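# Fold and contact review
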Amino acid sequence: ADATIRLWHTGVNGTPVGAENSDSDPEPTLCLQGHKMSVSALDLLSQGDSGDASDGDVLFTGSRDCTVRLWDLAAGKELQQHKILRNVVTAVRRVPGQ
């Protein structure tokens, strides 16, 4: 694993947009790089109701590198990074209202 998070826009049936009439794999819509080891956990926080990242969606990721990161999907940038001492991150979940 190269520790890159890859995201695709999908259609109604879950197929990546652009893959419907193509023999090759579609390119990701967004690639997020920062983790040093494989990503083991994801949690999407949707700010809007359209399902489009431009609404301010953020993504929480956890990794075997013992970090939790918060990403701004519209900007494609890391917002925060937290180091977890002595434990591999295997799950992430944002608590509503926190």
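If you're wondering where the values come from, they're calculated on a predicted model, not measured in any experiment. (Residues numbered from 1 in each chain as written. Predicted model: local features only at pLDDT ≥ 70, side-chain atom pairs only at ≥ 80, totals over all residues. Heavy atoms only, no water.)

### Here's the deal with the overall build of the protein
What counts, and what does not: A run of DSSP states H or I qualifies as a helix once it reaches four residues; a run of E qualifies as a strand once it reaches two. Both are numbered from the N-terminal end. Accessibility here uses a 1.4 Å probe with only protein chains present; expressed as a share of the type maximum, an area under 20% marks a residue as buried, one over 50% as exposed, and anything in between as partly exposed. Contacts were defined at the residue level, with two residues in contact if any of their heavy atoms lie within 4.5 Å. Calculation of accessible area relied on Shrake-Rupley with a 1.4 Å probe; when residues are assessed, cover is drawn exclusively from the protein chains displayed.
On a plain count of helices and strands, the protein comes out with 0 helices and 6 strands. Secondary structure elements in the protein, listed N-terminal to C-terminal, are β-β-β-β-β-β. Burial status across the protein gives 29% buried among its 98 residues. For the protein, the proportion of contacts with a sequence separation of at least 24, taken over those separated by at least 6, is 40%. Here the protein has roughly 6700 Å² of accessible surface; of this, 48% comes from carbon and sulfur atoms.

### A word on the pattern of salt bridges
Our working definition: Salt bridges are defined as contacts in which a side-chain nitrogen from Lys or Arg sits within 4 Å of a carboxyl oxygen from Asp or Glu.
Inspection of every chain in the model, using the stated rule, returns 4 salt bridges. Across the salt bridge formed by R6 and D2, the nearest N and O atoms sit 2.7 Å from each other. A salt bridge links R93 to D43; its shortest N-O distance comes to 3.1 Å. With a gap of 50 residues between them, R93 in the segment after β6 (77–83) and D43 in strand β3 (residues 39–45) connect regions that are remote in the sequence. R93 gets classed as exposed once you look at its relative accessible area, which sits at 66%. Connected through salt bridges with shared partners, the residues D65, R69 and E78 form a single ionic network.

### Some remarks on the sheet that holds β6
Here is the rule: Here, any two strands with at least 2 DSSP bridges between them count as paired. Axis definition: a line fitted to C-alpha atoms, limited for helices to the stretch in contact. Angles are taken between N-to-C directions and run from 0 to 180 degrees.
What the 4 strands build is an open sheet, ordered β3-β4-β5-β6; its pairing is antiparallel. Every other strand in the sheet has two partners, leaving β3 and β6 as the edge strands with one partner each. Neighbour to neighbour, the strand axes of the sheet diverge by 20° on average, direction disregarded. Summarising the sheet, strand β5 (residues 67–72) and β6 pair through 6 bridges and their orientation is antiparallel. Looking at β6, one finds that T67 is bridged to K83.

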